[in-house]
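Architecture and fold: a report
Read off the chains here:
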Amino acid sequence: MTAASQEQRFFHLTGKRSGTALGSIDGLSLRPALFAGFHDLTRLRYDYPVVLVEREGDGPFVHTLSGLVDALLAEIAPAGIAGERMRRTVLRLEREVRVLLAEGGAGRLSTLWREAAERLVALGGAPVEQDLGRARTALRADGEVVDCDAALPARFVAHVWRVAQAGTARRLRRTIDTLVVQLSDLVRADHLRSESGRHADTLRSGVGASHAGLFDFDVMAKLLAGPSGKSALSAERRRRIDGVLGVLRGQRFVGGAATPAMYGYEFGEIDAALAAFRERLPAMADLVKAIAIAELEVAGHYAEPKHDDYFAGYDQRSLGAAELALFPGYLVCLDARHGGGPGRARLVEALSEGAPLKVLVETDDILDESTFSEGTFSLGTQLARSAMGLNDVFVLQSSSSNLYRVRERVLAAMDYPGPALLSVFTGAGDGPGGLPPYLVAAAAMQARAFPAFTYDPAAGADWAQRFSLEENPQPALTWPVHELSYADGELQRVTERLPFTFVDFVACDPRHTAHFARVPREHWNGGMVSVGDLLAGSAGGGETVPCVYAVDAERRLHKLVVDEKLVHAARRCADTWRRLQELEGLKRKPEPVAVMAAAVAPAPSASPVASGMAAPSAAAATAVAVAAADAAAAEPSSDEPYIETPRCTTCNECTLANNRMFAYNENKQAYIKDASAGTYRQLVEAAESCQVAIIHPGKPRDPNEPGLDELLERAAAFA
């Protein structure tokens, strides 16, 4: 074992550097190597920002900005080269909206659209103004635009809660209004049987002022003066109906034209929400009883000997899940301080009471310094797992980066008649300095530090039906595996399959740099093994040390040795994930590898900067870095067909045309699966039909294919 290897081994076991073969990573602003392609999120098309829209019927209640733009372009931009200018202009505006949000802008889509358009028109003049004006006219959706930041979880969940509660309130309001009309008609019909009901003044008020002059109501009263039958309403029944009408008209649970001051349903404290729920229980019981009596009276089925005694004993203790489901739920948004210790115990206790509380718990930091120094990470699953143990609580855990993907499950939680807990990691803590919350939150999910899962008591009778991990990346694996591409010291392309582990996630956080040591390139050796391989048991031995790849601000590649304390934490994280897998009963089988491509340059063997110039190895490597635009995906030669996969909008055009030639990766973005599985004509036609012009047909494989001259001319627009 060399001296450098001994130093690496010593650091791994003790967490202390000795000698000169290892360096500190303090101040290097390193991040996991798989992040190399995501240095500027404003240049990427992904799930955020989202637009929170008013729901119409069963329609969508939230859109991605990219999704709205794609739908817009499908409507107004012709396929192929004819619509290319429009597509480019509108896509530039989409990016400008992202820039506005990154600069602190906020507001509705219509406002941000106008501000972004003004910027672009100032640069592009009349043609840009013409294109954007036409696009704005065709844009029909509007709503608050929300980026993936610290405010996202509360705003997103509150919006979905309001969508769900609007439906609940609308149904209850319709029931109440219908019964009020029907009971009033009963009373009115009975009144018309009476002598006072046939009086001239009563008849006049029934016709109305606009037609009163057409009738002689005194003569009409004399003609109707004779008896018209016995009253259908006894005095007791009339009192009962009047009492029911008073309850229906005076309720404060859902709004209406004559509704008194409505109850509020949004709270910042769990105890305040519970107190309000308990205080309203008698009024809830009165309203449920009034609805039941009204329905019996309208149908003519109320039997006093049977029903009087039953309803006399009906109170808040009679309310069950079906009755509680008639009323809006109570939204409680809590910050991270309520997520652990006594606060967590109190929250679980509150959920166990069965009140329809919809509780959002936001966690900003799951790598707290104090818990880390004690050797126990806050992995974020304890709270949600405690709630699942109650059996009848709807539980959803997710990072904020994944909220759009689980929007229907958030809605299901709000529609669930019992209590629901939503535990969300925001990624907006103080730890990962400089990284966008979206990346931090996504990394936490990738690393299984804050996995996404759902427990829905209404989904079935057993855990296999109720519990789901399907929203996680590659859920059958312990760690999701991605490809890393970089140029080595000889400037040759190297591609490795690497798992994204808990150790990679910790590498995002500059508070924990002491657990890593940088190895200069001249000391890289075969004894340095991937942390993922070590954790999987496929590498090990007395002379091996675990390491991870990281990149600096210039996207130069570094190898970092990891201490044993962090490796131990990663093992515990993997154990927690495996227990979740066991709950779902997943069969572990290999999945297709998702490509999180990251093109990086190797770190220099000496100081990276000398007299303001990068060292030769870094400069040369940077010049040949295998990157495609900002997504860092490798771009083939112009002779080979390819797709700019990171820009794919999942429009299905190409896959529907030939699903053997085109396919989707796990992110539902297209790539060329087999260029020989179709004709060159199909490639060209797919390029022309692509709404974002990301398919490049290359050159034909079959020189004898008919019509090649014409096809090559058409393909030139996509070279």
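Residues numbered from 1 in each chain as written. Predicted model: local features only at pLDDT ≥ 70, side-chain atom pairs only at ≥ 80, totals over all residues. Heavy atoms only, no water.

1. Description of the overall build of the chain
Summing up its helical and strand segments, the chain has 25 helices and 24 strands in all. Expressed as a percentage of the 719 residues in the chain, the buried residues total 50%. Considering only contacts within the chain whose residues lie at least 6 apart along the sequence, 71% involve residues at least 24 apart. On the chain, roughly 32700 Å² of surface is accessible, and the fraction owed to carbon and sulfur atoms is 52%. (Helix = DSSP H or I, 4+ residues; strand = E, 2+ residues; numbered from the N terminus. Buried < 20%, exposed > 50% of the residue type's maximum accessible area, 1.4 Å probe, protein only. Contact = heavy atoms within 4.5 Å. Areas by Shrake-Rupley, 256 points an atom, 1.4 Å probe, with all protein chains shown as cover.)

2. Some points on the sheet that holds strand 3 (residues 62-64)
One open sheet accounts for three strands, arranged 3-2-4; its pairing is antiparallel. Two strands bound the open sheet, and with one partner strand each, they are strand 3 and strand 4 (144-146). Neighbouring strand axes in the sheet, compared pairwise and without regard to direction, differ in orientation by 30° on average. (Pairing = 2+ DSSP bridges. Axes fitted to C-alpha atoms, helices over the stretch in contact; angles between N-to-C directions.)

3. Quick look at the sheet that holds strand 6 (residues 330-334)
The sheet built from seven strands is open, its strands ordered 5-6-7-9-8-10-11 with mixed pairing. Looking along the sheet, the strands with just one partner apiece sit at the ends: strand 5 (266-267) and strand 11 (467-468). Relative to strand 11, strand 10 (residues 453-455) runs antiparallel, the two being bridged by two bridges. Bridge assignment links Thr454 to a residue of strand 11, and that residue is Ser468.

4. Notes on the packing of aromatic side chains
All chains considered together, the criterion is met by 19 aromatic pairs. Ring geometry for Phe267 and Tyr330: centres 6.2 Å apart, planes at 25°, overall stacked. Of this pair, Phe267 sits in strand 5 while Tyr330 sits in strand 6, and the two are 63 residues apart along the sequence. Look at Phe453 and Phe467: their rings are 5.5 Å apart centre to centre, the planes differ by 40°, and that puts the pair in the tilted class. Placement of the pair is Phe453 in strand 10 and Phe467 in strand 11, with a sequence separation of 14 residues. Here the aromatic cluster, defined as three or more aromatic residues joined through ring pairs, consists of Tyr265, Phe267, Phe277 and Tyr330. Sitting over the face of the ring of Trp524, Lys559 holds its NZ or CZ atom 4.9 Å from the ring centroid. (Phe/Tyr/Trp six-rings, centres within 6.5 Å; stacked < 30°, edge-to-face > 60°. Lys NZ or Arg CZ within 6 Å of the ring centre and 35° of its normal.)

5. Some words on the confidence of the model for the chain
Atomic detail in the predicted coordinates should be set aside for any region of low pLDDT. A residue-level look at the chain finds 82% of positions with pLDDT of 70 or above and a mean pLDDT of 83. Confidence scores differ between elements of the chain, with strand 19 (residues 609-610) showing the lowest mean pLDDT of 26 and strand 2 (residues 50-52) the highest of 97. Long-range and interchain partners of residues 586-635, a stretch whose pLDDT sits below 50, account for 109 contacts in this model, where long-range means more than four residues apart. (pLDDT = per-residue confidence, 0-100.)

6. Side note on the pattern of salt bridges
Two side chains bearing opposite charge may form a pair once their charged atoms approach each other closely. Evaluated as defined, the whole model comprises 35 salt bridges. Among the salt bridges present, the one from Arg405 reaches Asp47, with a minimum N-O distance of 2.5 Å. Linking Arg405 in the loop between strand 8 (394-399) and helix 16 (407-415) with Asp47 in the loop between strand 1 (31-32) and strand 2, this pair joins segments that are 358 residues apart in sequence. Its relative accessible area of 43% is what places Arg405 among the partly exposed residues. For Arg155, the salt bridge identified is with Glu144, shortest N-O distance 3.5 Å. Of this pair, Arg155 sits in helix 6 (residues 152-193) while Glu144 is found in strand 4, placing the two residues 11 residues apart along the sequence. With a relative accessible area of 34%, Arg155 lands in the partly exposed category. Of the residues examined, Glu144 reaches a relative accessible area of 29% and is grouped as partly exposed. Residues joined in a network through salt bridges with shared partners are Arg45, Asp70, Glu94 and Arg98. (Salt bridge = Lys/Arg side-chain N within 4 Å of Asp/Glu carboxyl O.)

7. Concerning the pairing of strand 12 (residues 481-487)
Along any regular strand, the residues point their side chains to alternate faces of the sheet. Among the seven residues that make up strand 12, six are buried, leaving the element largely enclosed by the rest of the structure. The pairing of strand 12 with strand 13 (residues 493-499) spans seven bridges and is classified as antiparallel. When the bridges of strand 13 are listed, Val481 appears paired with Pro499. Counting the residues that bridge the hairpin from strand 12 to strand 13 gives five residues, and of these Leu491 lies at a positive phi of roughly 65°.

8. Re the environment of Arg572
For Arg572, the location among the structural elements is in helix 21 (residues 564-584). Sequence-wise, Arg572 and Ala449 are 123 residues apart; in three dimensions their C-alpha atoms are separated by 10.0 Å.

9. Brief notes about the side chain of Glu7
Examined against the element boundaries, Glu7 turns out to sit in helix 1 (residues 3-14). Arg17 provides the closest opposite charge to the buried, unpaired Glu7, separated from it by 8.1 Å. If we skip the residues at most four places from it in the chain, Glu7 touches Ser18, Gly19, Thr20, Ala21 and Leu22. (Lys, Arg positive; Asp, Glu negative; His and termini not counted.)

10. Side note on helix 25 (residues 708-715)
Burial in helix 25 covers these residues: Leu708, Leu711 and Ala715. Summarising the axial view, the buried residues of helix 25 lie within an arc of 60°, below the 170-degree limit, and thus occupy one face. Opposite the packed face of helix 25, turned more than 90 degrees from it, sit the exposed residues Asp709 and Glu713. Looking at the buried side of helix 25, the elements it contacts are helix 24 (680-689). (Arc of directions from axis to C-beta.)

11. Brief notes about the side chain of Arg240
Mapped onto the elements of the fold, Arg240 is located in helix 9 (residues 235-250). A polar contact of 3.2 Å, which involves the side chain of Arg240, links it to the side chain of Glu304. If we ignore the near neighbours within four places in the chain, the residues touching Arg240 are Ile293, Glu297, Tyr302, Glu304 and Asp308. (Polar contact = N/O pair within 3.5 Å; in protein donor to acceptor, adjacent residues only side chain to side chain.)

12. Some remarks on the packing of helix 4 (residues 109-124) against helix 5 (residues 126-138)
Between helix 4 and helix 5, the least distance of the axes is 8 Å, while the angle of their chain directions is 160°. As far as their axial angle goes, helix 5 and helix 4 are roughly antiparallel. As helix 4 runs across helix 5, the sense of the crossing is right-handed. The residues of helix 5 that touch helix 4, namely those facing Ser110, Trp113, Ala117, Leu120, Val121 and Gly124, are Ala126, Pro127, Val128, Glu129, Leu132, Ala135 and Arg136. A breakdown of the residues in the contact of helix 4 with helix 5 according to their chemical character gives nine nonpolar, two polar and two charged. (Parallel < 35°, antiparallel > 145°, perpendicular 65-115°, else oblique. Left-handed = near helix turned anticlockwise from the far one by under 90°. Nonpolar A, V, L, I, M, F, W, Y, C, P; charged D, E, K, R; others polar.)

13. Brief notes about helix 5
Counted at 1.5 Å a residue, the expected span for helix 5 with its 13 residues is 18 Å, and the 19 Å between its end C-alpha atoms agrees. In this structure, the buried side of helix 5 is in contact with helix 2 (65-76), helix 3 (84-102) and helix 4. (Expected span 1.5 Å × (residues − 1).)

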